[in-house]
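# Descriptive analysis of the structure
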Amino acid sequence: MEFIQTMQKANTTTLTLLIWFLLFPFENKAQVQQGIIQGKIIDAENRLPIEGASVSLVGTSIGTATASNGVFELRNVGVGTYVVAITYIGYQELRIDDVVVFPSKITDLEVALEPAGELMEEVVISATVNKESNIALLADRKRSTMVIQKVGSQELSRKGIGNVGEGIAKVVGVAMVGNKSLFVRGLGDRYNNATLNGLPIPSTNPDLKLIPLDIFPTSIVKNIEVLKSYNSAYYGDFSGGTIDIVTKDYPEKAFIRAAVSSGFNSISTGKQFLGIDRGFASWLGFARADRAMPALPASVPVYDSYFNDNVDPQFKTPFVPHEYKAPVNAGLSLSGGDRISLDGGGTFGYLFTVANKNEYVFLPGSTAWFNAQQETIYNYDTEDYFYQTNTSGLLNLYYKPNAKATYGLTGLFVNDSRDGVLDNFGLNWDLGEVYGRRNTLIQNTLFTTQFNTKQQITERFSLDGAVGYTKTVGSIPDRTQTMVEARDNNQYQFSPNGITDVHRFFADLDDHDASARLAAELRFRNSEIGLTSLTFGVDGRYKKRRFDARQIDADAKNIRSLFRLDELDEVLSPQRLGFGDATSWRYKEVPNEQNRYRSEMYVYAPYANANFLWADKWNLVAGVRFESSSQSTDYKLERDVIEAPYRNNTITGNELLPAVSLKYMPTAKSNVIFAASKTISRPLFMEAAPFRYNESAGTAQRIGNPSLTNGDVYNVDLRYDYFPNPGELISVSVFGKRLIDPIEYVRVNSAEPMFSYVNSDRAVVAGVELEVNKNLGSLFASELDALRNASIGLNGSYLFSEVEFDEDKLSGKGVPFYPTNFKRPLFGASPYLVNADLTYRVNWNSRSHTQITGTYHVFGKRLFVAGAQGTGDIYEMPVNRLDAAINTVIMNKIGFDISINNILNPDIIYNQEFPTSDLEYMNVKRGVSVGATLSYTF
């Protein structure tokens, strides 16, 4: 504990200094004399205005993009002499030296950009466009023919968002359920895809298809792309959305940035906390080796201490955690990069970032379960303590030997850990008053390597290819569980019938994922039918998983003496290992071959897209994809012996997946997009394997279903976008989906709470989405700086969903179940979602500014657990969330950021519905979190 106490003192000092700097950052510069730079950007050959060109002042954070008439304006520029940089795709970069700004004067510029050359037209970027800014990403959206949304790193920073999971939840129609599962337009994990730089990336969590997005810190992210309409160039197991995490590549100029952060939570920091002793490696989040299965039990397929002479097996995790005061949270990061011009006109660029952060979290609450007669199955008060860490490292290398070729190499390492103690105390139907405790470490480690290249073979023919490999290691090493019956005077006793109530559990996941893509594009000019390009491509993916789990029970039923909880390690001391008397106990592993499975999946998919443009107003993209797949799971049932061969379930598919998108551009500032497609859904490895698991002691279990099959999905979208000015947007979308054989999470007919997965018969989803991003000065047609420096964002969605089961088909679903409601909403689908933000920026001078942002989020009640056999459905009730962020930059060198999250600190409530009244299933409190970051850029 000495190490934790030392870190607590250091972190407290760091946090105090950070807050002091944030409150008193620098001398007020509001009175600095300022001027304006304005102008117009045109094409040097045809003299037409250029919309979306990037205009910035070199060495400052001031920049903008040109409007549809080519006009731009840079306000609040300090008096002085500047270099103005102008870039746009397909044009030569231009820098204007010695641009002088006078007090309260306007400096006018009219600039003609020269095309980059015929060969590079439409395919070569003459200068790097900042794809981290909202203005650039909205310009991308305007050019796209797909229903797509992007969030850049600048917006993530402005809203005080620390990871990709938090950032994606700000996109219209996107929600996080249970703080881990992503839902897009009401469709959950299996209906969505996650990619890293366009290549698939597997999950570190065996329960999920999507990798937990909160393991990616925003420090490595250039932008996040959410594709909501299908295109044949993407994998076909898509219905809700594809999320592409685009990592940063290289900077325009050399930099090194160091940052230190700290934070506290109103109900965790400085309060009593439970955990284990941690050394330095464990504090960083690398504790897997410390709790690995010891050599003795690892050397035998089934461990029993009695048949191993009651020798101490040397397990590392105690049954009783230590108590201490939770320190403040801490984080460190270092990043850097450069762009180097090579002889012969080539370019080499690199970027690296390494970061580590930790957080102490305490979640008090309650959980309960009721039968159809509203009788209590269990009702516990809960206390969840966990220490979580995230360590990441990114290296990007970029090489461009000439105007015809580029090469990129990306390496990414992420280690995510959660070391927690979950206590349940209360009433259990069978045992009376009980106390349940789990001490669980979950450590997931991901290694990814990607190589990509683009080749301009001829003026009209180009190739785009990439290969990637990801290795994922997931571990739950030496999880301890204690379930004991309560007696008087804070005394406890082992149940005489519960051999599994006290145990140790080990689980290991080893995942390998290899993928490749190759696309060829052929462009046309002056086609009589309006054909502008044809794209042919092929995608390939191979995924292999090995999952093994072992549960070693502590058979202590013969010990009838009473004890306190803090005496449990003494009662279950290895020195008392034995068999038969009233003070001895025994480690006894019961063989359960159900706790392991092997899975493989391959996907091979050629595709083609044709792009047509008519009258510069109509753009049609039509394509088709043939996706051949095989998903195989080798598994055993609970009754199978160790020597029994694996059973096998293989799901194959050969699907023809058409997709069409039609874009109409009535004006230079507006688009209308219609899209329609057919896609598929597949079960997850875990859902198709009969592995049984429960989250905490004495609560419900879940089990997979090998009888699951693929399903079909039909999608249609219609969206209208209006772009009043650069960085502004007004958008309305309507969409509909019909799902055949969708997979749902249901309660199984069982005496104990048990859940599984089945193919329902059909489902429909339909909704409306609204987005608004406006500058307040533009909104009110005002020149006041107070309004022009403020912007507002609003997005919301309304959703209808319904899943249906046919009663006469229930017997063929693979598991016994009988739903309470044969028609109900889809699991996790919120009927409404609302996000709003308000930002105000103060420019102290040309190199210093402060930006203040407030964000609000609310969702409608959503199905959490579907009832069965007369028990009511369980819904997560609406939660209102308010966050704030203050970002300050001084002299383009020093950064001070502060974030305040969950300001309202609402109760997170789950209710189980019954005809007469609703009963509370679960209640959790998260507390208010405050974080601060100090950074310096060299």
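Given the structure is predicted, the values throughout are model-derived calculations rather than measurements.

To continue, consider the sheet that holds strand β6 (residues 94–101). Sheet architecture is open: 4 strands sit in the order β3-β2-β5-β6, paired in antiparallel fashion. At either margin of the open sheet sits one strand with a lone partner, and together these are β3 (63–65) and β6. When the angles between neighbouring strand axes are averaged without regard to direction, this sheet yields 20°. Bridging between strand β2 (residues 54–57) and β3 involves 3 bridges; their strand directions are antiparallel. Looking at the pairing, S56 lines up with G63 of β3.

Judged by nonpolar contacts, the single largest core of 25 residues is most densely connected at I168, L182, L213, F216, I243 and L412. Considering each element in turn, this core owes the most residues, 3 residues, to strand β13 (residues 221–227). There are two domains that each give this core at least three residues, and those are domain 2 (134–249) and domain 3 (262–937). Ranked by size, the runner-up nonpolar core spans 23 residues in total, among them F506, I552, A556 and Y587.

Turning our eyes to something else, we now look at the sheet that holds strand β4 (residues 71–78). Spatially, β4-β1-β7 is the arrangement adopted by the 3 strands of the open sheet, whose pairing is mixed. Where the open sheet ends on each side, the last strands, each with one partner, are β4 and β7 (106–113). Across this sheet, the average inter-strand angle for adjacent strands is 20°, counted without regard to direction. The pairing of strand β1 (residues 34–43) with β7 spans 8 bridges and is classified as parallel. By the bridge assignment for β7, I41 is matched with V111.

Moving on to unusual backbone geometry. One non-glycine residue, Q314, lies in positive phi territory at about 70°. Take Q314: it is sitting in the loop between α6 (295–298) and β17 (322–325). For N490, which is not glycine, the phi torsion reads 60° and is therefore positive. Tracing the chain through its elements places N490 in the loop between β23 (461–487) and β24 (491–493).

Cut-offs applied
Residues numbered from 1 in each chain as written. Predicted model: local features only at pLDDT ≥ 70, side-chain atom pairs only at ≥ 80, totals over all residues. Heavy atoms only, no water. Pairing = 2+ DSSP bridges. Helix = DSSP H or I, 4+ residues; strand = E, 2+ residues; numbered from the N terminus. Axes fitted to C-alpha atoms, helices over the stretch in contact; angles between N-to-C directions. Core = buried A, V, L, I, M, F, W, Y, C linked by side-chain atoms within 4.5 Å. Buried < 20%, exposed > 50% of the residue type's maximum accessible area, 1.4 Å probe, protein only. Domains from an automatic or database assignment.

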